Amino acid sequence: MKLKIPFYYHILLFLVVFFTFYLWDIGVSNRKLDSVFSSKYFFFNTSFVLSIFIVYLLNFYLFCDWFLNKKKIFLYFFSIVVSLLIFAGVRYFLQEVVVFQIIGMHNYSEASRELNYYVRDNFFFGLPAVIFSALSYLFWQFHSSQLQNQELLLENKKAEFQMLKSQVSPHFLFNTLNSFYSQLILKDDEMASDILVLSDLLRYVITETEKDEAVLSKEIQFIENYIHLQKKRFEDQLYLDFSVEGNYAEEKILSSVLIHFIENVFKHGKLNNPEQKAVISIHIKEDFLEISTFNYIVNGEHYSSTGIGFENLTKRLEYAYGSKFKLEKIAENNTFKTYLKIPLNK
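Residues numbered from 1 in each chain as written. Predicted model: local features only at pLDDT ≥ 70, side-chain atom pairs only at ≥ 80, totals over all residues. Heavy atoms only, no water.

(A) Structural view of the overall build of the protein chain. If you tally the helices and strands in the protein chain, you get ten helices and eight strands. Evaluated residue by residue, the protein chain yields a buried proportion of 38% over its 346 residues. Put simply, the protein chain shows about 20,700 Å² of open surface, and 61% of that area lies on carbon and sulfur atoms. (Helix = DSSP H or I, 4+ residues; strand = E, 2+ residues; numbered from the N terminus. Buried < 20%, exposed > 50% of the residue type's maximum accessible area, 1.4 Å probe, protein only. Areas by Shrake-Rupley, 256 points an atom, 1.4 Å probe, with all protein chains shown as cover.)

Below, the structure is given as structure tokens:
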């Protein structure tokens, strides 16, 4: 999960650390005020705190995001050594090269600037910056997760409310459809079969989509029913290649995710031209599922502003799968492509 942290937070933190270090150094060393405000004191302390800040940012935005966020703990511990080496290098450059050129003085004595001693000494000074950076990252990650959970709960409540509004006596609706089916079964087998498909589709929408997870076999059956009824609507003018490959049974996925891609194809795709066929392909492997779609775009359609949107879909996927999914969309040359790869829950 990418953290969206305002950068001014780090600037404020840097200023707090800067002045805290100054006050602490004054108290510990019992320096006189004239030496505290000397250029030597200012340059050495400023370069030291700036070195800490650089390594803090490097660890926060790079190593924590690469390893800590993905729970690669061993690699993260290895990156701590790298961060401390960088800290030693940055501090040496700022104090022993830049500041020396300005004021003509070294912070470390000649013997202390020997590589082995200098690196070991700065491991001690740099470690608090790395630890504090990691704790800060974990705090923001926890805070962002809490906010995301609250947003998803609110979205779920809104969805439940909309569903309740649409569920006008569902039992009456099903009883009516069953009545139509009974009357037509002896007169028009095809229409009776279509009514039965519609009844199953509506029942699934009302009873299953409100759940967090859906059984994959039921989800694919729902998609097949949906496409079956769409073919009736297009009256043999639907040019779509739909395929499902792989074995599946009781595996579970996040509910109502696949239908998002199918609906987008039907709502906004050009489907009545045999030279511009749409494609919907589902591949089921042992532990993951892939769905890809391709279609030509109807003039005037803008995918970024239609349907529930990829932004909301991405939030749901991040909440359910963390970083274990891949979602792509490409709009170019009057065509639109989507791709999703998600893990399967056994």
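(B) Spatial organisation of the confidence of the model for the protein chain. Confidence in the prediction for the protein chain averages 78 pLDDT; 76% of positions are at 70 or higher. Strand E5 (residues 278-284) holds the highest mean pLDDT among the elements of the protein chain, 95, whereas helix H2 (residues 33-36) holds the lowest, 48. (pLDDT = per-residue confidence, 0-100.)

(C) Just the pairing of strand E7 (residues 326-332), in detail. Bridge count between E7 and strand E8 (residues 335-343): seven bridges; the pairing is antiparallel. Across the sheet, the residue bridging to Ile 330 is Lys 337, located in E8. The loop that links E7 with its antiparallel partner E8 comprises two residues; one of these, Asn 333, has a positive phi angle of about 50°. (Pairing = 2+ DSSP bridges.)

(D) Broad picture of the environment of Phe 234. By the element assignment, Phe 234 lies in helix H8 (residues 216-234). Taking the relative accessible area as the measure of exposure, Phe 234 reaches 19% and is therefore buried. Distance in space between the C-alpha atoms of Phe 234 and Asn 272 is 8.0 Å, their sequence separation being 38 residues. Not counting residues up to four positions away in its chain, the partners in contact with Phe 234 are Phe 266 and Leu 271. (Contact = heavy atoms within 4.5 Å.)

(E) Representation of helix H9 (residues 258-268) within the structure. For H9, a buried count of nine out of eleven residues is recorded, marking the element as mostly surrounded by other parts of the structure. Those residues of H9 that fall on the buried side of the exposure criterion are Leu 258, Ile 259, His 260, Phe 261, Ile 262, Asn 264, Val 265, Phe 266 and His 268.

(F) Layout of H8. Relative to the 27 Å expected for 19 residues at 1.5 Å per residue, H8 spans 27 Å between its end C-alpha atoms, a close match to the ideal helical length. Of the positions making up H8, those classed as buried are Leu 216, Glu 219, Ile 220, Phe 222, Ile 223, Asn 225, Tyr 226, Ile 227, Gln 230 and Phe 234. Just beyond H8, the residue with positive phi is Glu 235, at close to 55°. (Expected span 1.5 Å × (residues − 1).)

(G) Quick peek at the pattern of salt bridges. According to the stated counting rule, one finds three salt bridges in the structure shown. A salt bridge links Lys 285 to Glu 290; the nearest nitrogen and oxygen atoms lie 4.0 Å apart. By relative accessible area, which is 40% here, Lys 285 ends up partly exposed. (Salt bridge = Lys/Arg side-chain N within 4 Å of Asp/Glu carboxyl O.)

(H) View of the pairing of strand E6 (residues 288-297). The element E6 is largely enclosed, with a buried count of seven among its ten residues. Examined bridge by bridge, strand E4 (residues 269-270) and E6 share two bridges and lie antiparallel to one another. Note that in E6 the partner of Lys 270 across the bridge is Tyr 296. Sheet topology note: the E5/E6 ladder contains six bridges and is antiparallel.

(I) Seen up close, the packing of aromatic side chains. If you walk through the whole model with that rule in mind, you get 18 aromatic pairs. Taking the centre distance of 5.3 Å and the plane angle of 90° together, the rings of Tyr 92 and Tyr 118 count as edge-to-face. With Tyr 92 in helix H4 (residues 73-103) and Tyr 118 in helix H5 (residues 115-166), the pair connects residues that are 26 residues apart, well separated along the chain. Classification of Tyr 118 as buried rests on a relative accessible area of 4%. In this arrangement the basic side chain of Arg 91 is found over the ring face of Phe 125, its NZ or CZ atom lying 5.3 Å from the centre. The residue whose ring lies beneath Lys 341 is Phe 288, and the NZ or CZ to ring-centre distance is 4.2 Å. (Phe/Tyr/Trp six-rings, centres within 6.5 Å; stacked < 30°, edge-to-face > 60°. Lys NZ or Arg CZ within 6 Å of the ring centre and 35° of its normal.)

(J) Region of interest: unusual backbone geometry. Phi at Ser 256 is positive, roughly 65°, even though this residue is not glycine. With respect to the helices and strands, Ser 256 occurs in the loop between strand E3 (252-254) and H9. Positive phi, normally seen in glycine, also occurs at Asn 334, with a value near 65°. Within the fold, Asn 334 resides in the loop between E7 and E8. Look at Asn 334 and you get partly exposed, because its relative accessible area is 39%.

(K) Region of the structure containing the packing of H8 against H9. Following both chains from N to C, one finds H8 and H9 inclined at 10°, their axes separated by 10 Å at the closest point. By the angle between their axes, H8 is roughly parallel relative to H9. Of the two elements, H8 crosses H9, and the hand of that crossing is right-handed. Residue-level inspection shows Leu 216, Glu 219, Phe 222, Ile 223, Tyr 226, Ile 227, Gln 230, Arg 233 and Phe 234 of H8 in contact with H9, the latter providing Leu 258, Ile 259, Ile 262, Glu 263 and Phe 266. Among the residues forming the contact of H8 with H9, the class breakdown is ten nonpolar, one polar and three charged. (Axes fitted to C-alpha atoms, helices over the stretch in contact; angles between N-to-C directions. Parallel < 35°, antiparallel > 145°, perpendicular 65-115°, else oblique. Left-handed = near helix turned anticlockwise from the far one by under 90°. Nonpolar A, V, L, I, M, F, W, Y, C, P; charged D, E, K, R; others polar.)

(L) Looking closely at the nonpolar core. Ile 262, Phe 266, Leu 289 and Leu 317 are the most contacted members of the largest nonpolar core, which totals 38 residues. Among the secondary structure elements, those contributing two or more residues to this core are helix H7 (189-207), H8, E3, H9, E5, E6, helix H10 (309-321) and E8. Discounting residues that sit within four places of it in the chain, Ile 262 has contacts with Ile 223, Tyr 226, Ile 227, Ile 280 and Ile 291. Val 49, Tyr 56, Tyr 76 and Trp 140 belong to the second largest nonpolar core, which has 23 residues in total. (Core = buried A, V, L, I, M, F, W, Y, C linked by side-chain atoms within 4.5 Å.)

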